[in-house]
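What follows is the residue order along each chain.
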Amino acid sequence: MAESTDLSISPSDPPLVAIALGSNLGQPRQILQAAVCALQQIPHITGLHCSRWYRTTPVGPPQPDYWNGCVTAFTTLSPLALLHQLQAIEQQFGRKRHQRWGPRTLDLDLLFYGDTIVQTPELTLPHPELANRPFVLVPLAEIAPQWRHPILRDTIATLQARLGVAGIKAVASADAPETMFVTAHNSDPRGCHLHCVPDERPPHS
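Residues numbered from 1 in each chain as written. Predicted model: local features only at pLDDT ≥ 70, side-chain atom pairs only at ≥ 80, totals over all residues. Heavy atoms only, no water.

Visitor: Go over the overall build of the chain with me, naming the residues and quoting the values.
Guide: Secondary structure assignment for the chain yields four helices and 10 strands. Along the chain, helices (α) and strands (β) appear in the sequence β-β-α-β-β-β-α-β-β-β-α-α-β-β when read from the amino end. Across the 205 residues in the chain, those meeting the buried criterion constitute 49%. Here the contacts in the chain between residues at least 6 apart in sequence split such that 70% fall between residues at least 24 apart. (Helix = DSSP H or I, 4+ residues; strand = E, 2+ residues; numbered from the N terminus. Buried < 20%, exposed > 50% of the residue type's maximum accessible area, 1.4 Å probe, protein only. Contact = heavy atoms within 4.5 Å.)

So, in structure tokens, the structure goes:
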């Protein structure tokens with residue numbers, strides 16, 4: 001377990017990080033795929049691996065279903081620098097922060113940064129709601145089932161099994177219909193197999 005207070009120092013041994021992606025405005029699948037491309041284009045991020053996409057029932061006011069997924073990668077960016085990169089990508093896709101739990105074009109959440117614990121006004125790691133969100137834990141359990149929460153001491157697989165999969169539907173591939181979720185532990189990264197075109201941005205509402 002490591003606690004970080006100086007967020008300007010990048011680790012010499014790049015940690016595994018996890019990022020949650022979500023969208024329910026515009027063209028969510030295209031937006032999420034383009035966001036993955038944007039992450040791949042950041043020079044200090046390597047080894048990116050993506051879960052499938054999922055359709056999930058929204059929390060909050062009436063709104064369209066969400067599309068959700070997660071990626072893991074290695075980075076030499078500090079936690080705060082990585083957060084700023086994610087926020088910059090959100091802004092490129094027209095993210096507006098008007099309403100808590102409201103609809104959004106793109107949401108990128110930094111879930112964990114190795115086993116680092118951070119508590120500052122701007123950033124908390126691991127993400128404070130990580131253990132309470134099945135729409136995050138289900139895709140994350142595909143690609144990082146054995147990562148252990150440094151505070152709760154439970155693995156992602158254990159946390160996901162505890163919450164279940166109600167309201168979550170997996171999209172098997174780019175051209176297949178959505179199917180009811182069966183298990184989070186059959187890793188299938190097909191949702192991330194795409195051709196990335198630099199600076200391509202889908203339309204957003």
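Visitor: Could you give me a rundown of the side chain of N24, with the residues and numbers involved?
Guide: On the secondary structure map, N24 appears in the loop between β2 (16-23) and α1 (28-40). Looking at N24, the relative accessible area reads 3%, which means it is buried. Separated by 2.9 Å, the side chains of N24 and Q63 make a polar contact. In this structure the side chain of N24 is engaged in a polar contact, spanning 3.0 Å, whose partner is the backbone oxygen of P64. In contact with N24, not counting residues within four places along its chain, are Q63, P64, D65, Y66, P103 and R104. (Polar contact = N/O pair within 3.5 Å; in protein donor to acceptor, adjacent residues only side chain to side chain.)

Visitor: Explain the packing of aromatic side chains to me, and be specific about the residues and the numbers.
Guide: In total, this model carries one aromatic pair according to the counting rule given. When the centroid spacing of 3.8 Å and the interplanar angle of 5° are considered together, the rings of F112 and W147 count as stacked. Taken together, the positions of F112 in strand β6 (residues 107-113) and W147 in the loop between α3 (134-143) and α4 (156-163) put the pair 35 residues apart, joining distant regions of the chain. Considered together, F112 and W147 belong to a single accessibility category, that of buried residues. (Phe/Tyr/Trp six-rings, centres within 6.5 Å; stacked < 30°, edge-to-face > 60°.)

Visitor: Now, about α4: what can you tell me, with residues and values included?
Guide: Helical geometry note: an α-helix holds 3.6 residues per turn, so side chains three or four residues apart project in the same direction. Within the sequence span of α4, burial applies to I156, A157, L159 and Q160. Seen end-on, α4 carries its buried residues on one side only, within an arc spanning 165°. Turned more than 90 degrees away from the buried face of α4 sit A161 and R162, all of them exposed. Of the surrounding secondary structure, the elements contacted by the buried residues of α4 are α3. (Arc of directions from axis to C-beta.)

Visitor: Give a description of unusual backbone geometry that names residues and reports values.
Guide: Following L125, the chain continues into P126 via a peptide bond in cis, with omega recorded as -10°. Turning to its location among the elements, P126 is positioned in the loop between β8 (124-125) and α3. Of note in this structure, R153 is not a glycine but carries a positive phi near 70°. Looking at where R153 falls in the secondary structure, it is placed in the loop between α3 and α4. Residue classification places R153 among the partly exposed residues on the basis of a relative accessible area of 43%.

Visitor: Explain the environment of R52 to me, and be specific about the residues and the numbers.
Guide: Assignment of secondary structure puts R52 in the loop between β3 (45-50) and β4 (53-56). When its relative accessible area of 12% is taken as the criterion, R52 is described as buried. It is 8.0 Å that separates the C-alpha atoms of R52 and C70, two residues lying 18 residues apart in sequence. Reaching out from R52, the side chain makes a polar contact with the side chain of Y54 at a distance of 3.3 Å. A polar contact is formed between the side chain of R52 and the side chain of E142, at a distance of 2.8 Å.

Visitor: Describe the pattern of salt bridges, listing the residues and the values that go with them.
Guide: One pass over the full model with this rule turns up five salt bridges. We note a salt bridge from D107 to R104, for which the minimum N-O separation is 3.3 Å. Across the pair, exposure class does not vary: D107 and R104 are buried alike. Between R162 and D154 there is a salt bridge, and its shortest N-O distance comes to 3.1 Å. (Salt bridge = Lys/Arg side-chain N within 4 Å of Asp/Glu carboxyl O.)

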